[in-house]
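Results of the structural survey
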Amino acid sequence: MSRRFNRLSSVTGSLILLIAGSGTANAGLLGSLLGGSSEDSTTQTEEPAAPDSYNSKGTFSEPFAEPTIIVDGEAVETDEKCITRADGMDECKPAAGTMALLKDGRLLYLNALEGTENVELSIVAEFGEVSVNDQTRVLSLDENDNPSWIKPSPLDAGANPDGNDSETLLNGTELDGLLDTADNTSANDGALFCSDVIGLANGDVMAVGGTDYYSEPGIDGLPLGVAELEGIKNSRIFDEETNTWRQSGDMTYGRWYPSLVTMGNGNVFVASGVTKLLKPVYPDEPLNSGRNVVQTETYDPCAGAWTQNPSTADRSLPLYPRMHLLPNGHIFYNAGGQAFNPFGQGYDQALWNIVASFNPDTQRWNDIGYAGLPLRLDEAGLGQLSSTLNITNLSLDQVGSLLGDVLDSPTDLLTSAADLGVSEEDLRMAIAGGMRGSTSSTMLPLKPDASGNYNEVELLTAGGVPSYAVLTNPGGYLPTDQTRIDTVTTNGDEIGYESRLAGPLNQPRWYGTNVVMPDGTVMVFSGGNRDGVVAPGLEGPIRTAEQFNPETGEWTEMATGHRARTYHNTAVLMEDGRVMVAGHSPINTAYLTFVDLQDFGLAPYDGRDPSFEIYTPPYAMRDDRPKIRSAPSNLTIGDRFNIKVDQADQIDKALLIRRTVMTHVIDGDQRAIELVMERGPGNKLTLTMPDNHNVVPAGEYMLFVSKDTPDGRVPSVSAPITVVNENLACMAPTQVASDTTTSGGIIESTLELL
């Protein structure tokens, strides 16, 4: 048993509990670990197409975790989270704070906040010294769901083995190192924690940014100081064939909490992040002090190098900004992200409330409007407002661009303002609008129009911490239950934007992780009922999952998980349509040491949770699921292809879902595309790929087919599909011999799937 989790008395714990207020925590205790899911998920229904174990809310498996810990060079089998080493420090199992579904079906995961278990008094004072680089693992399940683990090499992905050139206040001067501990060790100079992750076109996973820990001020040899979390410039790529990490090109700017998006041409766009979280002061670049990184960069996967974009591409954004690739190739910022609520962290954070799009061709951002409200800034001549207010992009040309737009559209501005009547619905929209923190921004399945084109995107934002219509504040402490759907339409470079409210969540939820399911619904897992970053340890966990039906616009409570998972929780759709749920790596209680108050109904704060649970949705329990008998392995845009299925007369939908690569409730490349379907002879269906890589960027996908039933849509197990960009020769997969082309130009596979 670890020595670290019983340090403070129950009196101290009770005092901390009082800070949370008297509100009832919406949480279940961990005492129900034995047996099935809790009482909320045990309702049985009659279902002739399903076995006796069918459950209309789905079920969670028993939690399972890696069985061993390496302690002093020896593998120790234990059910405990941590074991104390000979030097008195704790060694713990990693938790899945970041998770990715690899193209072979295994799961790569990265630890988060490694070293918090060794904080004795205060994480703020000690974490610069006790933190270490985060470990990685690969989890495999066999056909009976028996788990096994592989340790990649290097275990921590290998960044900065000789230390990081930290941007301390005295860096580059003769006094460098006098007031900081940045150079006292390299063991925490390249942490994966707070990097963003993305799936490359060849199926590799790239982690960008991360953390360099040190104390500033701090003195070598003393255990206390003031911790600094500095963003690093590194890019690390995981190769699943060799289970190894390698280094790629460095960014120009160190980034902690950046966001990545794959563009249609296969390049990767990065925005935001912060170089120094707690003390963002940069003597060499004073204009960048006091805010997040505004400069954006682009990664060329063939060259393995980053290029800084021109200053017109600069934009102030929250940490982990919620961004999406639109069908016209623009990158859309949906006014969501992470902020240190309720106080914020940037002097220009009011700009985060404005939705905007970035045009890679012109390298410019265009402001669209205040998120969730009908006032269109671009139609009122204010499309360049944020760019002009950005001091790193200040120029006569930029000011002239804004003034010219305003002078061309004065009546539009007045008309837009006059149209804003104040009704009850408008008030609800105002509260739901603006910057939304600590929640997913989820792209609902893309659907073709009558001509087979994809021009409309719907983005789901539910829960999280709203701005409460206060422009200067990015959020508060209590989450909302409100659901907002933003509809973005594209016509060339023109973008339409409208918002509407949908049915609320059944309870307010902070930090829920959304998963698009192969039946077209969206599930949300885990999270808490208060912001666990403002006051760590005082949030109640939410274990009950919910399902959103885009057709009805309503949320339904589903099964209840066994483990409470609040901060750094993860959830990933697997190849068979089930969901792997994991994570929970909280900050130390009240920024001190771990004090576990779960007996009071609050989230567990006895360290990280290394366990996993598998959520099985109702459709996966049925014995009449459609089956894909054969499908091509490699496809590109515009391809028509045949698949063989077993229920061709009942199947009416095919959904191509990109494999999830996620952290901190986001996956910038998350998307599902409904394919145009034609019925062929016998058991064949002919499907058509979109003709645009902005709709379907190159990478690894899963193809599901489904049928409609009185009890809901029932999807198949997936067939793996690699989407190839023929202009990315460096990422081209090996040609699959079983993929052939018919005389009519239709691709099909001669290989039957098992």
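Everything discussed here concerns the structure shown above.
Just so it is clear, the structure is predicted and the values come from calculations on it, not from any experiment. (Residues numbered from 1 in each chain as written. Predicted model: local features only at pLDDT ≥ 70, side-chain atom pairs only at ≥ 80, totals over all residues. Heavy atoms only, no water.)

Re the overall build of the protein
Of the regular secondary structure elements, the protein holds six helices and 49 strands. For the protein, the residues scored as buried account for 61% of the 754 residues in total. The contacts in the protein between residues at least 6 apart in sequence include a share of 66% that link residues at least 24 apart. (Helix = DSSP H or I, 4+ residues; strand = E, 2+ residues; numbered from the N terminus. Buried < 20%, exposed > 50% of the residue type's maximum accessible area, 1.4 Å probe, protein only. Contact = heavy atoms within 4.5 Å.)

Comments concerning the nonpolar core
Membership of the largest hydrophobic core comes to 54 residues, with the highest contact counts inside it found for Phe641, Ile643, Leu656 and Leu703. Excluding anything up to four places from it in sequence, Leu703 contacts Ile628, Phe641, Ile643, Ala654, Leu655, Leu656, Leu675, Leu687, Val717, Ser718, Ala719 and Ile721. (Core = buried A, V, L, I, M, F, W, Y, C linked by side-chain atoms within 4.5 Å.)

Details of empty space enclosed by the protein
Across all of its chains, the model carries eleven cavities of 30 Å³ or more by this definition. Estimates place the volume of the largest cavity at around 290 Å³. Taken together, 26 residues make up the lining of the largest cavity; nearest its centre are Asn514, Val665, Ile666, Asp667 and Gln670. For the lining of the largest cavity, the secondary-structure elements that each account for two or more residues are β16 (256-262), β20 (323-325), β26 (441-443), β30 (513-516), β34 (569-573) and β40 (651-658). (1 Å grid on protein atoms, 1.4 Å probe; cavity = no way out; pocket = protein on both sides within 12 Å on 5 of 7 lines; lining within 4 Å. Points joined across faces, edges and corners; volume = space filled by probe spheres on them.)

What to know about the sheet that holds β26
The pairing of strands in a sheet comes from backbone hydrogen bonds and takes either a parallel or an antiparallel form. Read across the sheet, four strands follow the order β26-β27-β28-β29 without closing on themselves; strand pairing throughout is antiparallel. Of all strands in the sheet, those with a lone pairing partner are β26 and β29 (494-502), marking the two edges. If you compare each strand with its neighbour and ignore which way they point, the axes differ by 25° on average. In terms of strand pairing, β26 meets strand β27 (residues 456-462) through three bridges, oriented antiparallel. Paired with Ser441 across the two strands is Thr461, which belongs to β27. (Pairing = 2+ DSSP bridges. Axes fitted to C-alpha atoms, helices over the stretch in contact; angles between N-to-C directions.)

Structural notes on helix α2 (residues 123-130)
α2 sits mainly inside the fold: six of its eight residues count as buried. Those residues of α2 that fall on the buried side of the exposure criterion are Ile123, Ala125, Glu126, Phe127, Gly128 and Val130. Against β12 (211-218) and β13 (225-231) lie the buried residues of α2. N-cap assignment for α2: the residue whose side-chain oxygen lies 3.2 Å from the backbone N of Val124 is Ser122. (Polar contact = N/O pair within 3.5 Å; in protein donor to acceptor, adjacent residues only side chain to side chain.)

Quick notes on the state of the cysteines
Counted under the stated rule, the structure contains two disulfides. Cys82 shares a disulfide with Cys92; S-S distance 1.9 Å. Between Cys82 and Cys92 the disulfide shows an S-S torsion of about 105°. By sign, it is right-handed. Note that Cys82 is positioned in strand β4 (residues 82-84) and Cys92 in strand β5 (residues 90-92), a separation of ten residues in sequence. (Disulfide = S-S within 2.5 Å.)

Some details on a negative patch on the surface
A contiguous patch of negative charge, built from Asp165, Asp176, Asp183 and Asp220, is present on the exposed surface. Following the sequence through the fold, Asp165 ends up in the loop between β9 (147-150) and β10 (196-199). Given the relative accessible area of 59%, Asp165 is considered exposed. (Patch = residues over 30% accessible without salt bridge, like charges linked within 9 Å, V, L, I, M, F, W, Y side chains within 5 Å. Areas by Shrake-Rupley, 256 points an atom, 1.4 Å probe, with all protein chains shown as cover. Salt bridge = Lys/Arg side-chain N within 4 Å of Asp/Glu carboxyl O. Lys, Arg positive; Asp, Glu negative; His and termini not counted. Charge placed at Lys NZ, Arg CZ, Asp CG, Glu CD.)

So, the pairing of strand β45 (residues 699-707)
Most of β45 is tucked away, with nine of its nine residues classed as buried. Looking at chain direction, β40 and β45 are connected through seven bridges and run antiparallel. Its bridge partner being in β45, Ala654 is matched across the sheet by Val705. Two strands pair when backbone bridges link them, and β45 and strand β47 (residues 719-723) are joined in this way by five bridges, in the antiparallel orientation. Bridge pairing in β47 links Leu703 to Ala719. Between β45 and strand β46 (residues 714-715), which pair antiparallel in sequence order, lie six residues; one of them, Gly712, sits at a positive phi of approximately 115°.

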